[in-house]
Amino acid sequence: MSENQNIVNCKECKSASLCFQYLSRQDIADFASVSTESAIKFTKEFEKGGILKLEGKEIKIVDKDKMMEIAERG
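Remember, predicted model here, so these are calculated numbers, not experimental data.

A.B. asks: So what exactly am I meant to see when it comes to the pattern of salt bridges here?
C.D. replies: When charged atoms on two side chains of opposite charge get close, those side chains can pair. What the rule picks out here adds up to six salt bridges. Residue Glu-55 pairs with Lys-60 through a salt bridge whose shortest N-O separation is 3.7 Å. Take Lys-60: its relative accessible area is 32%, and that puts it in the partly exposed class. When the shortest N-O distance is used, the salt bridge between Glu-69 and Lys-66 registers 3.7 Å. Remark: Lys-66 and Glu-69 occur in helix H5 (residues 64-73); sequence separation between them is three residues, near one turn of the helix. Its relative accessible area of 36% is what places Glu-69 among the partly exposed residues. Judged by its relative accessible area of 31%, Lys-66 falls in the partly exposed class. Each of Lys-53, Glu-55, Glu-58 and Lys-60 takes part in one network of salt bridges that share partners.

A.B. asks: Looking at this model, I keep getting lost on the nonpolar core. Mind explaining?
C.D. replies: Nonpolar side chains in soluble globular proteins tend to be buried together. Counting ten residues, the largest nonpolar core consists of Ile-28, Ala-29, Ala-39, Ile-51, Leu-52, Leu-54, Ile-59, Ile-61, Met-67 and Ile-70. Of all elements in the fold, only helix H3 (25-32), strand E1 (52-55), strand E2 (58-61) and H5 reach the threshold of two or more residues within this core. Those residues in contact with Ile-51, other than ones at most four positions away along the chain, are Phe-46, Lys-60, Ile-61, Val-62, Asp-63, Lys-66, Met-67 and Ile-70.

Here is what the cut-offs are and how they apply
- Every chain is numbered on its own, with residues counted from 1 as its sequence reads.
- pLDDT decides what is reported in this predicted model: residues at 70 or higher carry local features, side-chain atom pairs at 80 or more are listed and counted, and totals for whole chains, interfaces and linings draw on all residues regardless.
- Each side-chain value is derived from all of the structure's non-hydrogen atoms; neither hydrogens nor water enter the calculation.
- Any carboxyl oxygen of Asp or Glu within 4 Å of a side-chain nitrogen of Lys or Arg constitutes a salt bridge here.
- Each residue is placed in one exposure class: buried if its accessible area under a 1.4 Å probe, protein chains only, is under 20% of its type's maximum, exposed if it is over 50%, and partly exposed if it falls in between.
- Comment: elements are numbered from the N terminus, with helices defined as DSSP H or I runs of at least four residues and strands as E runs of at least two.
- For the purposes of this section, nonpolar cores are sets of buried Ala, Val, Leu, Ile, Met, Phe, Trp, Tyr and Cys residues that join through side-chain atoms within 4.5 Å.
- Working rule for contacts: check all heavy atoms of both residues, and any pair within 4.5 Å makes them a contact.

Written out as structure tokens, the structure is:
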């Protein structure tokens, strides 16, 4: 399982969405090895695609299957 899949399947959290409440946009960018600006762009694109829901600083995974598919393909 890749690191990207680990965050989607976060075992310490009741749901993957809860893991994101502890991560800043910078943390997500660092984890994905991209700039903060790119991380923000990706999260907004994923929201438009119905994969994520952004509420202020909170990020919720709406379509876990699609997120896993992206994690597997890279």
